[in-house]
Amino acid sequence: MRKRIVAGNWKMNKVFSEAETLITEIADALDNVEIENAEVILCPPALYLEMAMDVAFESNFTVGAQNVYPEDSGAYTGEISPLMLKELNVDYCIVGHSERRKYFGESHEFLLRKVDALLKHDISPIFCCGELLPEREAGEHFSVVKRQLEESLFHLAPDEFSKVVIAYEPVWAIGTGVNASNEQAREMHAHIRKLVKGKYGLETAENLSILYGGSCNAKNAAELFAQPDVDGGLIGGASLKAEEFIKIVLSL
Ligand code: PEP
């Protein structure tokens, strides 16, 4: 049975003291929450991963990184390697977020290298895909997402692919307050699962967790998560307030 997941992407927010407070509040709230077959993942800025791991050790959530460089070590000033994440016991890492694609020019090929580098160290990529607004308006959203998966993920062997989580994040919905409709989320998630089934077979497709991301909040999470093939969410802005984030977790 596939896992239901709520992952919080904090992006470049919170100074250390604020991050500590937020993580402690979330950890305390999660102590009183039990959702079967579900996982809560927090993805704070890299500087706070060690602190987050310390809290996670005695709590009910796991930790993910927001980014990685696809080499174990070397002359890549400012970058963080999968080996460094592994040593901290980080379980997940976001790959392919639209902000990285847009502001840092990350290509399909580069994302493929990140996916491989993470899996080499048994860290699960949370692979983001999703179309821009003009692409949706042109009716190209299904083919855009297909290409993103084919170019960066579908080279994986089946046992490697089974460690991947996919997040469908329509770019026009990220940070805009305009979420995908239930119907739009439902049909894209079904499309993704069908593509995975075509490539890896029914069992792998059925076991894959596909998260929705894009202006998901405490008000719309329950409806979105109730759609077939939507197995939870990747949450940006709404993951920065403990109370709202916990409500989203409770919507699983
Ligand atoms: C994100 O950046 O992954 C995201 C989903 O952001 P938001 O929830 O703020 O739209």
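Located above this text is the structure these notes cover.
Participant: Would you mind showing me how to read the pairing of strand S4 (residues 92–95) here?
Facilitator: Moving residue by residue along a regular strand, the side chains alternate between the two faces of the sheet. Burial along S4 is two-sided: Tyr-92 and Ile-94 and Cys-93 and Val-95, pointing in opposite directions, are all buried. Bridge count between strand S3 (residues 62–65) and S4: two bridges; the pairing is parallel. Counterpart to Ala-65 in the pairing with S4 is Cys-93. Once the chain exits S3 it traverses helix H3 (residues 82–87) before rejoining the sheet at S4, and the crossover so formed is right-handed. The sheet contact formed by S4 and strand S5 (residues 124–129) spans four bridges and is parallel.

Participant: Teacher, can you tell me more about the pattern of salt bridges here?
Facilitator: Between side chains of opposite charge, pairing is possible as soon as their charged atoms come close. Counted by the stated rule, this structure contains 17 salt bridges. One salt bridge in this structure joins Arg-2 and Glu-206, with 3.2 Å as the shortest N-O distance. Placement of Arg-2 in the segment before strand S1 (4–9) and of Glu-206 in helix H10 (residues 202–207) is noted, with a sequence separation of 204 residues between them. Residue classification places Glu-206 among the partly exposed residues on the basis of a relative accessible area of 39%. Arg-193 is the salt-bridge partner of Asp-231, the closest N and O atoms lying 2.8 Å from each other. Taken together, the positions of Asp-231 in the loop between helix H11 (221–225) and strand S8 (232–235) and Arg-193 in helix H9 (residues 182–200) put the pair 38 residues apart, joining distant regions of the chain.

Participant: Would you mind going over the nonpolar core with me for this structure?
Facilitator: Note that soluble globular proteins tend to have their nonpolar side chains buried in a common cluster. Leu-149, Leu-153, Ile-166 and Ile-192 are the most contacted members of the largest nonpolar core, which has 67 residues in total. Ignoring any residue separated from it by four or fewer positions in sequence, one finds Leu-153 in contact with Val-115, Phe-127, Gln-148, Phe-161, Val-164, Ile-166 and Tyr-200. With 12 residues, the next largest nonpolar core counts Ile-5, Ile-126, Cys-128 and Ala-167 among its residues.

Participant: Is there a simple way to think about the environment of Ser-143 in this case?
Facilitator: In this structure, Ser-143 sits in helix H7 (residues 141–152). In this structure the C-alpha to C-alpha distance between Ser-143 and Glu-131, which are 12 residues apart in sequence, comes to 9.1 Å.

Participant: Please explain helix H12 (residues 242–250) as it appears in this structure.
Facilitator: Residues that lie three or four places apart on an α-helix share one face, since the helix turns once every 3.6 residues. Along H12, the residues that are buried comprise Ala-242, Phe-245, Ile-246, Ile-248 and Val-249. For H12, the buried positions fall inside an angular range of 155° around the axis, keeping them on one side. Every exposed residue of H12 that faces more than 90 degrees away from the buried side is listed here: Glu-243 and Leu-250. In the core, the buried residues of H12 are packed alongside S1, helix H1 (16–30), strand S2 (38–43), H11 and S8.

Participant: Which parts of the structure should I look at to understand the site of the ligand?
Facilitator: Around the ligand sit 14 residues, and of these Lys-11, His-97, Glu-169, Gly-175 and Ser-215 come closest. At 2.7 Å from an oxygen atom of the ligand is found a side-chain nitrogen or oxygen belonging to His-97. Glu-169 places a polar side-chain atom, nitrogen or oxygen, 2.7 Å from an oxygen atom of the ligand. Classifying every residue of the shell around the ligand gives four nonpolar, eight polar and two charged.

Participant: What exactly am I supposed to notice about the sheet that holds strand S7 (residues 210–213) here?
Facilitator: Think of a sheet as strands paired side by side through backbone hydrogen bonds, with each pair either parallel or antiparallel. Pairing is parallel around the closed barrel formed by eight strands, whose spatial order is S1-S2-S3-S4-S5-S6-S7-S8. Sheet twist, expressed as the mean angle between neighbouring strand axes with direction ignored, is 25°. In this structure, S7 lies alongside S8, joined through two bridges in parallel fashion. Pairing of Gly-213 across the sheet is with Leu-234, part of S8.

The rules we used
Sequence order as written defines the numbering, with residues in each chain counted from 1. In view of the model being predicted, local features appear only for residues whose pLDDT reaches at least 70, and side-chain atom pairs are presented and counted only at 80 or more, with totals across whole chains, interfaces and linings using the full set of residues. As a rule here, side-chain values come from all non-hydrogen atoms in the structure, and water together with hydrogens is ignored. Burial classes follow relative accessibility: with a 1.4 Å probe on protein chains only, a residue under 20% of its type's maximum area counts as buried, one over 50% as exposed, and anything between as partly exposed. Secondary structure elements are defined from DSSP: runs of H or I of at least 4 residues count as helices, runs of E of at least 2 residues count as strands, and each element is numbered from the N terminus. Pairing between two strands requires that DSSP report at least two bridges joining them. Classification remark: right-handed applies to a crossover when, strands pointing away from the viewer, the course from the first strand over the helix to the second runs clockwise. Just to be clear on terms, a salt bridge is a Lys or Arg side-chain nitrogen sitting within 4 Å of an Asp or Glu carboxyl oxygen. Think of a nonpolar core as a cluster: buried Ala, Val, Leu, Ile, Met, Phe, Trp, Tyr and Cys residues, connected wherever their side-chain atoms sit within 4.5 Å. Here, two residues are considered to be in contact whenever any of their heavy atoms come within 4.5 Å of each other. To obtain the arc, one takes the directions from the helix axis to the C-beta atoms. When we say a residue is near a molecule or strand, we mean one of its heavy atoms is within 4 Å of it. The term polar contact refers here to a pair of N or O atoms within 3.5 Å; inside protein, the definition further demands a hydrogen-donor-capable atom paired with an acceptor-capable atom, and it admits residues adjacent in sequence only when both atoms are side-chain atoms. The residue classification treats Ala, Val, Leu, Ile, Met, Phe, Trp, Tyr, Cys and Pro as nonpolar and Asp, Glu, Lys and Arg as charged. All others, Gly included, are polar. As a rule, the C-alpha atoms of each element are fitted with a line to give its axis, helices using only the stretch in contact, and angles between N-to-C directions run from 0 to 180 degrees.

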